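Structural overview
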Amino acid sequence: MLNKGVPVSGQMDSYSPAKINQLLENDETAAVMEITMTGPTIQFDAPTCICFGGAEMSVTLNNEPVSPFKVYSIKQGDILSYGRLKKGFRNYLGIKNGFLTERILGSRSFFFPLSEKSHLTDGMEIDYEAITDFIPKLSELRVDAPLDDTVLKVTIGPEHGLLTDDQLDVLFQSEFSIAKENNRMAYRLNENLAQHHISILTSCTMPGTVQLTPSGKIIILMQDGQTTGGYPRILQLTDEAMDILAQKKHGDKISFKFS
Amino acid sequence: MNNYDINIRPFGSHAILMEWPNRVEESILEDILEFISVLKTKVNIAEWETVPAYNSLTLICRKQAIPFEELKKQLQIWYNEENSVVKTERFLWRLPVCYDLDFGIDLLEVSEQLGMSIAQVIEMHTSHKYTVYGIGFLPGFMYLGGLPKELEVQRKNTPRLKVTKGSVGLAARQTGIYPQESPGGWNIIGNCSVPMFDADADTPCFVSVGDQVQFYAIERAEYDLHMIEAEVGIYKREKIPIHA
């Protein structure tokens, strides 16, 4: 429903959830929990199987350390606990047949105010199917989550032609750093390009669209970003680049490269 | 279709942007909508998202990457074809607004800035038909064109952190409705009792780009009644087909 102003929403990183759902032999649309920077302590009230991965974080199951991209059997009363973030930014927790949050517009994703909540809070309960008979074909995967990658592959955006050769040089030969203004709607970069006076008639924007504001600020729209905008769209991130950017946080470095 | 000079460019690997001349005109918008109707007879539209706005149409294929050159040629051919049979369905929506000062928290200030009485502001706001040039910013947020010059007021210097859901506002050349509570810098002159976006409804957002909107004033009692009707699910929206 992009043409009614509803953002794409959903997971910021698609790479890790895909591997997780693959291991759990779930439908690719099975809902995962997105854990950003700090993670929860979760008690399971029914048996199931889980798998997590993405950012490197210390995770324990009943106080024993557990590994990413590995299927673990869960029994009633088991406790999964997230500790320190070591690398990356977003970790994903998958569960057999997905988390059963309310479907809104066909999606189980949270997007406030269309969904009641924007994120999980202390004490909340989430439904899932009790499973006792799942034996995975593969119990683990060697996965190289792109946490060390800093190069974002891009294609030209609709208003790419407005950039001068000098600005293009700066854009493709510089290293940029993520500003503290970063969230599911957009990531801002600390470094600016030159000011300009160009605005376009409001037009479509998508996750991955890189906008250039009149003051020269670079904004990269993410999954919850607005679906329309009036700032020039200079670049468009590839899906792969979005997965890399989703694992970046304030201060991390990135650079752009033509796909 | 009027055969404007259109430009077709790639927009990432999954989308293609079609751009009409850089002007805000109803006839351009109509041309875009007619083309969408033509497209529906040519492709499996379920595999595409079509995002029309002002002078552009973005076609997004989520499932797979688009063969740009091939599609560009095809789109140009379809656009150039004679096709007068295709009719687009557009509606005029009559939307009730309560302009009570409880809702229109900036109405007094706006009327003073414009040198009019409150009654005159309301009269002017409700006597024009506004065209929906785009929907974005928030689910169900309409970009409306056609605001008379006499109603142009600057955005508030300091935006509010929270604008009530349903608030009707004025800012520069725009008027519109905040479909959800949100931060906002517009001058609030009333509240619309019809939800512009309802995720639980069969049609979550009943307005489409190309439709028109006209506001009419209602008293507080009627506003409260609409709220109850909406909760129970019996509220009927007023729509009138627009004939080209």
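Here the focus is the pairing of strand β8 (residues 176–182) of chain A. Residues and elements named next belong to chain A. Bridge count between β8 and strand β15 (residues 253–258): two bridges; the pairing is antiparallel. From the neighbouring strand, S177 faces β15, where its bridge partner is K253. Pairing analysis gives two bridges linking β8 to strand β9 (residues 186–189), with the strands arranged antiparallel. Along β9, the bridge assignment pairs N182 with Y187. Count of turn residues in the β8/β9 antiparallel hairpin: three residues.

Glancing now at the environment of H119 of chain A. Among the secondary structure elements, H119 of chain A is positioned in the loop between β6 (79–95) and β7 (151–156). When the C-alpha atoms of H119 of chain A and I198 of chain A are compared, they prove to be 36 Å apart, with 79 residues separating the residues in sequence.

Attention now goes to the domain arrangement of chain A. Residues and elements named next belong to chain A. Split into domains, chain A comes out as domain 1 (1–145) and domain 2 (151–258). Taken together, the 15 residues of domain 1 in the interface contact 13 residues of domain 2. Among the elements that take part in the side of domain 1 that touches domain 2, β6 stands out by supplying three residues, more than any other. Within the side of domain 1 that touches domain 2, the residues separate by chemical class into eight nonpolar, five polar and two charged.

On to the domain arrangement of chain B, then. All names here are of chain B. You can read the domains of chain B as domain 1 (7–80) and domain 2 (90–242). One C-alpha centre belongs to domain 1, the other to domain 2, and the line joining them spans 29 Å. With eight residues of domain 1 at the interface, the matching set in domain 2 holds seven residues. Residue assignment for the side of domain 1 that touches domain 2 shows that the elements contributing at least two residues are α1 (26–42) and β3 (49–53). At four residues, the largest contribution of residues to the side of domain 1 that touches domain 2 is made by α1. Split by residue class, the side of domain 1 that touches domain 2 holds six nonpolar, no polar and two charged.

Time to look at the sheet that holds strand β4 (residues 56–60) of chain B. Residues and elements named next belong to chain B. One open sheet holds the four strands; their spatial order is β1-β2-β4-β3, and the pairing between them is antiparallel. Two strands bound the open sheet, and with one partner strand each, they are β1 (7–10) and β3. Each strand of the sheet is rotated relative to its neighbour by a mean of 15°, with strand direction disregarded. Helix-sheet contacts for α1 involve β3 and β4, and the interaxial angle to β3 is about 165°.

Rules of the game
- Residues numbered from 1 in each chain as written.
- Chains lettered and ligands numbered in written order.
- Predicted model: local features only at pLDDT ≥ 70, side-chain atom pairs only at ≥ 80, totals over all residues.
- Pairing = 2+ DSSP bridges.
- Helix = DSSP H or I, 4+ residues; strand = E, 2+ residues; numbered from the N terminus.
- Domains from an automatic or database assignment.
- Contact = placed C-beta atoms within 7 Å.
- Nonpolar A, V, L, I, M, F, W, Y, C, P; charged D, E, K, R; others polar.
- Axes fitted to C-alpha atoms, helices over the stretch in contact; angles between N-to-C directions.

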